[in-house]
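# Structural features, examined
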Amino acid sequence: MAQATSPPEAPEVIDEARARRYSSDAAGLGRLRAGAFVAPALALIAVFLVFPALWVLYLGLTNYRLTGTAAAEPKLVGFDNFVKAVSDPAFWNSTWLTVQFVLGSAVIGQVVLGFTIAWLMRDRTGPLKRAVEGLVILAWILPSAVVSFLWVALLDRDGGTLQALLHLPGFAPLLDHPMLSIVVFNTWRGAAFSMMLYGAALGNVPPSHLESARLAGASGWQQLRDVVFPHIRGHILTNLLLISLWTFNDFTPFMLTAGGPDGQTEVLAVHVYKVALLGQELGYGAAVSTVILLINLVVAVFYLRLLRSKK
Amino acid sequence: MTRFVLGRIGFYTLIAVLLAFFTIPLLWLAAAPFTSDPTYEVRVPDFTLDNFTAILEHPYALPSLLNSLVLAVGTALLVVLFAALAAYALSRVRLPGRDALLYALLLLSSIITGTAAMVPLFQLAVELNLIDSQLGLILILSGGLLPAAIFMLKDFMDSTPKSYEESARVFGASPLQIVRHVVVPLVRPGLATIAVWAVANVWGNFLMPYLLLSDVEKQPAAVIMYTLYTEGGQANLTLLSTFGLLYSVPVVLMYLFVSKKYGFRFHGGIKR
Amino acid sequence: MAAIELRGLTKVYPGGVKALDSLDLAIPDGEFFALLGPSGCGKTTLLRTIAGLETATGGAVVIGDRDVTGVQPGARDIAMVFQDYALFPHMDVTDNIAYPLRIKKVGKADRQRKALEVGTRLGLDQLMDRRPGQLSGGQQQRVALARVMATQAKAFLFDEPLSNLDARLRLEARTFLKKLQRELGVTTVFVTHDQAEALAMADRMAVMEAGHIRQIGTPAEVFQRPANTFVAAFIGSTPMNLLDGTVRGDTLEVAGCKVPVPVSAEGLLVDGERIVYGVRPEYNTYSAEPAEGSLGGKVAIVENLGASHLVTLEVGDVLVQAVVPEGDEPELGVDGFATPRRDRALVYRDGELVSA
Ligand SMILES: Nc1ncnc2c1ncn2[C@@H]1O[C@H](COP(=O)(O)OP(=O)(O)OP(=O)(O)O)[C@@H](O)[C@H]1O
Ligand SMILES: [Mg+2]
């Protein structure tokens, strides 16, 4: 074996710049190339996501319209649009309808239904579980234009399937109970997400905890209350925030009722579409959009807080 | 004992009600396409295939499916490519402001929805001459999907050990060789997931094409479907039933494929 | 083949952790060199800095006669085996072994032949079509070795290559690796936190603590004459007895007993100074009767080591351990005496070994 070779003449003080000439990340990418990798995505996001959001804030302060003089030279009108919104009963009507829609279909409908299915199916395997879950998921993945029409057909007043099943001639839920209709529809449509989330959460409840509760003689309800809920509390909150956000921004009711009859299902998402794009009052529409953005922001920040505190 | 029997009966009654609730609205889609002269009411089909000729005769039905495909594939390619590049760089290189950027992306993707941004997006499309442009729509849809895609892919890449890349690097592979030989094969399941997610999202999206494509020849199936049942007198149920079925089948196949192949179930944030 | 030399090597991680602190080390050509130290002392960092996967904050890395401090890892002519082997899961064994050649643009036929040749040498010829996921831990380790052998590198760097193997396989792999390194004669730096591994395999070894090297030497030197109390306490399957004491003329007063000055410290001590007296339990002779220069106390604990027993004596208020052959172990609570071997005991002053 060779003895220590005489060391080559190397500079005693090393040149710091030279030592840092190459990058030390796993692939040797370096910041420059990494920047180039990130740039295209950021450019698209900036132009088609961030910029519109900022612009909506600006538009809300103008009297912009699609046609007419205000289209050529929009003027800043300050908070007029917001004042107009706040004093417009149609806006408050839409807000109230949205609250009903979110509370009814997401917070109550999807959560309760999703949890119930997950709970009923928790220890099962085999065809029954697959059939139930498959149908619930099918309702969720089908295109919204298709399911909307399916519900139109189901609830139709001359010869819809529901009417035939119930033998109620003249029964027209979309006309007589439009809000209830879209609430039931959205519960049906979205229960899959809650079902899967709670299914996963229930799978994480240690069986030993449930067993010891059962050994102690706890009833089904007591097991739920004392063992299951404490374990999945975090999941419930996550689920509530996410589906509230999605339902709040959901445009699908439009495809069932187009906001009607008589504005009875004109939730905020549909309201914006009607005033801004049909009524062409872009400035006023943008003001309502700003309100939607702010509500989204509050919910999202709350949700991210929650995610962070979990880590 | 009686309590047990009652419990069983209760359980199966509940299951039956649930099954009925979820099945009845879907029955029409299964039966009507194969029933002669379908009505709104579900009837036992006589298994005719004649209804499908209605689609061939309709001038916009089949082209709209093609339009949907173009939009979905175009957006998926763009999203996968851009998100993969960005996620890889963000996962492996300590770029200044990286954490803030990721946080902002996550926040943005959840607050700027189609609903909140429809007014300025419409405006932007008018200004940039992107109304009635499929490319424009693809860009807009990609912009909306990218933040979530980057986030999911970065998570995926973070959980892929760096030692593979480092090992290749010690052997002398260049960064691009490393990406081609090592990274892409390793994260392929993640890329496929994002691609499927993007396709599913665009395939079902109604609002954006409804706002931005007024030329009926460019409209995707979602818009044509809506037009078919809202516009003009008596809806053509023969056409609606078969068209709805054809439009739905790819989504179902994709779901089955993905859940078979990756054991993957649509999870949080996967769909709005 | 090449020697490796580190000069004043310093690595500060972003965030301020100083993982290597102005470290000097020379590893001659062809040597099998082990790096040993407690978790977090900077072994992996040192290896990765030599490889170039971490950029040095200060100092220089010289491989052969080339200063490679600013050179890309791929251009340093070294090969590295990672702790998890980092075999590409999407390539079969042949492609994995041939990967370095693929990077060097060797033709497909040539590199497959070479891969088979190296694989055969390591007994992998039946496994060439398998994916890493279909191999056992020991087989994966050999594929990783084959892959570095295929590179014709000037030096090999191993980061705990045996730690993923179970105890039996580890012994086999240890012998195999040592034999292979002998045959190839490639300079090898080997990180481990298993001292038995280092003692068994290395030509020379370094013991590290918190970014510093505390001792360099052959395994025998490091085991028999730890240069400081850190190494003394770290090396050995049972830790060395380190007892406070005072020099009293030509004897030492340790734990209230009188012991002779060890051979290694003869003539180097000053009367009255405070020292630490060190002796390995293996070099303590146990007896039931007092002997010349013995430490006497009560037997507090007896632990079974297999072929021998570790006896702990309470001497005053300190504990002294001795290794007792099978069959000679005492009862608990009886009086016992441990007599250090004068030619093996050591004296530390201010934490450093006193020796000529
Ligand atoms: N990427 C990094 N960023 C910041 N600090 C790091 C990084 N990698 C290691 N460190 C820190 O540097 C020190 C040395 O770490 P290193 O991994 O070299 O230890 P080690 O001797 O290999 O330990 P082990 O035996 O546990 O593998 C530790 O304090 C560690 O926390
Ligand atoms: Mg380590």
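Residues numbered from 1 in each chain as written. Chains lettered and ligands numbered in written order. Predicted model: local features only at pLDDT ≥ 70, side-chain atom pairs only at ≥ 80, totals over all residues. Heavy atoms only, no water.

## A closer look at the overall build of chain B
- Scanning chain B from N- to C-terminus turns up 11 helices and 0 strands.
- Along its sequence from the N terminus, chain B presents helices and strands in the succession α-α-α-α-α-α-α-α-α-α-α.
- Taken over the C-alpha trace, chain B has a radius of gyration of 23 Å; the compact-globule value for 272 residues is 19 Å, which it surpasses by more than 25%.
- Expressed along its principal axes, the backbone C-alpha trace of chain B runs to roughly 70 × 70 × 35 Å. (Helix = DSSP H or I, 4+ residues; strand = E, 2+ residues; numbered from the N terminus. Rg over C-alpha atoms; globule rule 2.2 N^0.38 Å.)

## Let's talk about the pairing of strand β8 (residues 187-192) of chain C
Residues and elements named next belong to chain C.
- Counting buried residues along β8, 6 of its 6 residues qualify, which places the element largely inside the surrounding structure.
- Here β8 shows two buried faces, one formed by Thr187, Val189 and Val191 and the other by Thr188, Phe190 and Thr192.
- In terms of strand pairing, strand β3 (residues 32-36) meets β8 through 5 bridges, oriented parallel. Its bridge partner being in β8, Leu35 is matched across the sheet by Val191.
- Relative to β8, strand β7 (residues 155-159) runs parallel, the two sharing 5 bridges. Bridging from a neighbouring strand, Asp159 pairs with Val191 of β8. (Buried < 20%, exposed > 50% of the residue type's maximum accessible area, 1.4 Å probe, protein only. Pairing = 2+ DSSP bridges.)

## As for the site of ligand 1
All names here are of chain C.
- Around ligand 1 sit Tyr13, Val17, Ala19, Ser39, Gly40, Cys41, Gly42, Lys43, Thr44, Thr45 and Glu160, and those are all the residues in its vicinity.
- Measuring from an oxygen atom of ligand 1, one finds a side-chain N or O atom of Thr45 at 2.5 Å.
- Alone, ligand 1 offers 630 Å² of accessible surface; in the complex the protein occludes 62% of this.
- Sorting elements by how many residues they give to the shell around ligand 1 places helix α1 (residues 43-51) first, with 3 residues. (Near = heavy atom within 4 Å. Polar contact = N/O pair within 3.5 Å; in protein donor to acceptor, adjacent residues only side chain to side chain. Areas by Shrake-Rupley, 256 points an atom, 1.4 Å probe, with all protein chains shown as cover.)

## Quick look at the sheet that holds strand β15 (residues 284-287) of chain C
All names here are of chain C.
- Pairing within the open sheet is antiparallel, and its 5 strands lie in the order β15-β19-β16-β17-β18. If you trace the sheet from one side to the other, it starts and ends with β15 and β18 (318-325), each paired once. Between one strand axis and the next, the sheet turns by 45 degrees as a mean value, whatever way the strands run.
- Summarising the sheet, β15 and strand β19 (residues 335-340) pair through 4 bridges and their orientation is antiparallel. Looking across to β19, one finds that Thr285 is bridged to Thr339. (Axes fitted to C-alpha atoms, helices over the stretch in contact; angles between N-to-C directions.)

## Here's the deal with the pattern of salt bridges
- Taken as a whole and assessed by the stated rule, the structure comprises 26 salt bridges over all chains.
- Between Arg92 of chain B and Glu165 of chain B there is a salt bridge, and its shortest N-O distance comes to 2.7 Å. You can see Arg92 of chain B sitting in helix α3 (residues 61-92) and its partner Glu165 of chain B sitting in helix α7 (residues 163-170), a full 73 residues away along the chain.
- Here Asp343 of chain C makes a salt bridge to Arg341 of chain C, at a shortest N to O gap of 3.3 Å. (Salt bridge = Lys/Arg side-chain N within 4 Å of Asp/Glu carboxyl O.)

## Focus: helix α7 (residues 144-155) of chain A
Residues and elements named next belong to chain A.
- Taking 1.5 Å per residue as the helical rise, α7 with its 12 residues ought to reach 16 Å, and the 16 Å between its terminal C-alpha atoms agrees with that figure.
- Buried residues dominate α7, accounting for 12 of its 12 residues.
- Buried within α7 we find Ser144, Ala145, Val146, Val147, Ser148, Phe149, Leu150, Trp151, Val152, Ala153, Leu154 and Leu155. (Expected span 1.5 Å × (residues − 1).)

## Quick look at the domain arrangement of chain B
Residues and elements named next belong to chain B.
- By domain assignment, chain B separates into domain 1 (2-44) and domain 2 (60-261).
- The gap between the C-alpha centroids of domain 1 and domain 2 is 34 Å.
- On the side of domain 2, 8 residues touch domain 1, which itself brings 8 residues to the contact.
- Here domain 1 and domain 2 share an interface that buries about 660 Å² over both sides, 80% of which is from carbon and sulfur atoms.
- Put simply, domain 1 and domain 2 have 0 salt bridges between them.
- Taken together, domain 1 and domain 2 are joined by 0 residue pairs in polar contact (both at pLDDT 80 or more).
- Classifying every residue of the side of domain 1 that touches domain 2 by side-chain character gives 7 nonpolar, 1 polar and no charged. (Domains from an automatic or database assignment. Contact = heavy atoms within 4.5 Å. Buried area = accessible area lost by both parts, 1.4 Å probe. Nonpolar A, V, L, I, M, F, W, Y, C, P; charged D, E, K, R; others polar.)

## Some words on empty space enclosed by the protein
Residue and element names in this part refer to chain C.
- All told, the structure shown has 3 cavities of 30 Å³ or more when counted by the stated rule.
- The computed volume of the largest cavity comes to approximately 60 Å³.
- Taken together, Leu145, Met149, Phe156, Phe158, Leu177, Leu180, Gln181, Leu184, Val186 and Thr188 make up the lining of the largest cavity.
- Counting residues per element, the ones that place at least two in the lining of the largest cavity are α4 (137-149), β7 and α5 (167-184). (1 Å grid on protein atoms, 1.4 Å probe; cavity = no way out; pocket = protein on both sides within 12 Å on 5 of 7 lines; lining within 4 Å. Points joined across faces, edges and corners; volume = space filled by probe spheres on them.)

## Thoughts on the sheet that holds strand β12 (residues 251-254) of chain C
All names here are of chain C.
- Here 6 strands make up an open sheet; going across it, the order is β13-β12-β11-β14-β20-β21 and the pairing antiparallel. Each edge of the open sheet carries a strand with a single partner, namely β13 (257-260) and β21 (352-353).
- Two strands pair when backbone bridges link them, and strand β11 (residues 241-248) and strand β14 (residues 274-279) are joined in this way by 6 bridges, in the antiparallel orientation. Opposite Thr246, over in β14, you have Arg274 as the bridge partner.

## Things to note about helix α6 (residues 127-141) of chain A
- Given a rise of 1.5 Å per residue, 15 residues ought to cover 21 Å, and the 20 Å separating the end C-alpha atoms of α6 of chain A matches this to within 8%.
- The set of residues buried in α6 of chain A consists of Val132, Glu133, Leu135, Val136, Ile137, Ala139, Trp140 and Ile141 of chain A.

## Observations concerning the interface of chain A and chain B
- Between chain A and chain B, the contact holds 97 residues from the first and 92 residues from the second.
- Here chain A and chain B share an interface that buries about 8500 Å² over both sides, 80% of which is from carbon and sulfur atoms.
- When the area that chain A buries against chain B is broken down by residue, the three leading residues are Phe37, Phe48 and Phe149 of chain A, summing to 9%.
- For the pair chain A and chain B, the interface holds 0 salt bridges.
- One can count 7 residue pairs in polar contact (both at pLDDT 80 or more) joining chain A with chain B.
- The element that contributes the greatest number of residues to the side of chain A that touches chain B is helix α2 (residues 30-59) of chain A, accounting for 22 residues.
- When its residues are assigned to classes, the side of chain A that touches chain B shows 73 nonpolar, 15 polar and 9 charged.

## Quick notes on the environment of Leu186 of chain B
- Here Leu186 of chain B is to be found in helix α8 (residues 175-204).
- C-alpha of Leu186 of chain B to C-alpha of Leu77 of chain B: the two residues are 109 residues apart in sequence and 18 Å apart in space.
- When neighbours within four sequence positions are excluded, Leu186 of chain B is seen to be in contact with Phe156, Thr160 and Tyr164 of chain B together with Pro89 and His90 of chain C.

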